[in-house]
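Here are the chains, one letter per residue:
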Amino acid sequence: EAQLAESGGGSVQPGESLRLSCVASGFPFPQYEMTWVRQAPGKGLEWLLRISGGGGITSVADSVKGRFTISRDNYKNTLYLQMNNLQPEDTAVYYCGAPRYGSFFYESGGPFTQDDFHYWGQGTQVTVSS
């Protein structure tokens, strides 16, 4: 059974950093592009970052550009999200997913749901407050 399991979320103060991990199992992880997506309270899913299967191509949403970085370790079947200078507006549940469609579908602003992903994690909560 294919699974994605996120971890690393928590409560931090503005300006602090967190590193999220997403461990994949049950499918050929290196063959899939991967994304990080978040859902803030009362809002829809927001696409954040995307990385190619080999890790050589990435794209980043303007809302997190310069603060968030995506990476992957295909030997460990793990996707990462490094989040720096976190702000209260970053408070959300963060999900990793393997997208079904091309980048324009997600990067154009949606709306989209978890059904638009081949594989989808359970999410990890990130709360930023002083």
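As a reminder, the structure under discussion sits directly above these lines.
Residues numbered from 1 in each chain as written. Predicted model: local features only at pLDDT ≥ 70, side-chain atom pairs only at ≥ 80, totals over all residues. Heavy atoms only, no water.

## Some details on the packing of aromatic side chains
Inclusion rule: Under the pairing criterion, centres of Phe, Tyr and Trp rings, with the six-membered ring standing for Trp, must be within 6.5 Å; the plane angle then separates stacked pairs below 30 degrees from edge-to-face pairs above 60, leaving the rest tilted. Working definition: helices are DSSP H or I runs of at least four residues, strands are E runs of at least two. Numbering for both runs from the N terminus. Each residue's exposure class comes from its accessible area (1.4 Å probe, protein chains only) as a fraction of the maximum for that residue type: buried when under 20%, exposed when over 50%, partly exposed otherwise.
Applying the stated rule across the entire model yields 12 aromatic pairs. Relative to Tyr119, the ring of Tyr32 lies with its centre 5.4 Å away and its plane at 65°, an arrangement referred to as edge-to-face. In this pair, Tyr32 is assigned in the loop between strand E3 (18–25) and strand E4 (34–39) and Tyr119 in strand E10 (residues 117–120), connecting sequence segments 87 residues apart. A relative accessible area of 22% places Tyr119 in the partly exposed class. Between Tyr95 and Trp120, the aromatic rings sit 4.8 Å apart at their centres with planes inclined by 20°, giving stacked as the arrangement. Taken as a pair, Tyr95 in strand E9 (residues 92–99) and Trp120 in strand E10 lie far apart in primary sequence, 25 residues in all. This pair shows no difference in class: Tyr95 is buried, exactly as Trp120 is. Three or more aromatic residues link up through ring pairs in this structure, and these residues are Tyr95, Tyr101, Phe105, Tyr106, Phe112, Phe117 and Trp120.

## Some points on the sheet that holds strand E8 (residues 78–83)
To keep it simple, the criterion reads: By the convention used here, strands pair only if DSSP detects at least 2 bridges between them. Helix axes are fitted to C-alpha atoms over the stretch in contact, other axes to C-alpha atoms as well, and angles between N-to-C directions run from 0 to 180 degrees.
Read from one edge to the other, the open sheet built from four strands follows the order E1-E3-E8-E7, with strand pairing classed as antiparallel. For this open sheet the edge positions go to strand E1 (3–7) and strand E7 (68–73), each flanked by a neighbour on one side alone. Direction aside, neighbouring strands of the sheet carry axes that sit 15° apart on average.

## Some remarks on the nonpolar core
Basically, it comes down to this: Working definition of a nonpolar core: buried Ala, Val, Leu, Ile, Met, Phe, Trp, Tyr and Cys residues. They are joined through side-chain atoms within 4.5 Å. Whether two residues are in contact is decided by their heavy atoms: any pair within 4.5 Å suffices.
Among the nonpolar cores identified, the biggest contains 27 residues, and Trp36, Leu49, Phe68, Leu79, Leu81, Met83 and Tyr94 are the most heavily contacted of them. Secondary-structure elements contributing two or more residues to this core are E3, E4, strand E5 (45–51), E7, E8, E9 and strand E11 (124–128). When residues no more than four places from it in sequence are discounted, the contact partners of Leu81 are Leu18, Arg19, Leu20, Trp36, Leu49, Phe68, Thr69 and Tyr94. Formed by nine residues, the second largest nonpolar core is a distinct cluster that contains Leu45, Phe112, Phe117 and Trp120.

## A closer look at the state of the cysteines
Inclusion rule: Note on terminology: disulfide denotes any pair of cysteine sulfur atoms within 2.5 Å.
Scanning the entire structure with this criterion turns up one disulfide. What pairs with Cys22 in a disulfide is Cys96, and their sulfur atoms sit 2.0 Å apart. Because the sign of the S-S torsion sets the handedness, a value of about 65° for the bond joining Cys22 and Cys96 places this disulfide among the right-handed ones. One end of the pair, Cys22, is in strand E3; the other, Cys96, is in strand E9, and 74 residues separate them in sequence. The pair formed by Cys22 and Cys96 is uniform in burial state, with each residue classed as buried.

## Describing unusual backbone geometry
Although it is not a glycine, Asn77 adopts a positive phi angle of roughly 50°. By the secondary structure assignment, Asn77 is in the loop between E7 and E8. Residue class for Asn77 comes out partly exposed when judged on its relative accessible area of 24%. Positive phi outside glycine occurs at Asn85, with the angle close to 50°. Note that Asn85 resides in the loop between E8 and E9. Judged by relative accessible area, Asn85 falls into the partly exposed class, the value being 39%.

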